[in-house]
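Observations on the three-dimensional arrangement
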Amino acid sequence: MRRIGLATVLVDDVDAAIAFYVDALGFDLAEDVAQPDGGRWVVVRPSDAPGTGLLLARAGADDRGPVGRHVAFFLHTDDFAGDHERMTAAGVRFLEEPRQEPYGTVAVFEDLCGNRFDLIQPAG
């Protein structure tokens, strides 16, 4: 079996990103380990998906510049309305109103650094 265990999300401020992903999105803080170079290894995971996580990495000078304005991540939910309401109340910035598509209910949101996500409840 093959699966993607982690995906890196570049952030400006690791502590602010932890707060966003944990408090606003409801993820669990799985790891926060100091590294010898002064950096940190920080992983957040959806509580119901322990094998999948996001590595929150502080963006360096070489990481700046245009990264595109496309959705890079897809956050699946079984309760779109409830999660959308909770996330909106927590200050998550949605870029559009929820919409129905053949594949499900979806709305695009951004994290603190402009990384785009789909919140999606798959059809069926």
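Residues numbered from 1 in each chain as written. Predicted model: local features only at pLDDT ≥ 70, side-chain atom pairs only at ≥ 80, totals over all residues. Heavy atoms only, no water.

1. Some remarks on the pattern of salt bridges
Any two side chains of opposite charge can pair, on the condition that their charged atoms come close. Scanning the entire structure with this criterion turns up eight salt bridges. Between E31 and R45 there is a salt bridge, with its nearest N and O atoms 3.9 Å apart. With E31 in strand β2 (residues 28-34) and R45 in strand β3 (residues 40-45), the pair connects residues that are 14 residues apart, well separated along the chain. Residue E31 is classed as partly exposed on the basis of its relative accessible area, which comes to 29%. Across the salt bridge formed by R99 and E96, the nearest N and O atoms sit 2.1 Å from each other. (Salt bridge = Lys/Arg side-chain N within 4 Å of Asp/Glu carboxyl O. Helix = DSSP H or I, 4+ residues; strand = E, 2+ residues; numbered from the N terminus. Buried < 20%, exposed > 50% of the residue type's maximum accessible area, 1.4 Å probe, protein only.)

2. Considering helix α1 (residues 14-24)
Those residues of α1 that fall on the buried side of the exposure criterion are V14, A17, I18, F20, Y21 and A24. Directly beyond the C-terminal end of α1, a positive phi value near 80° is found at G26.

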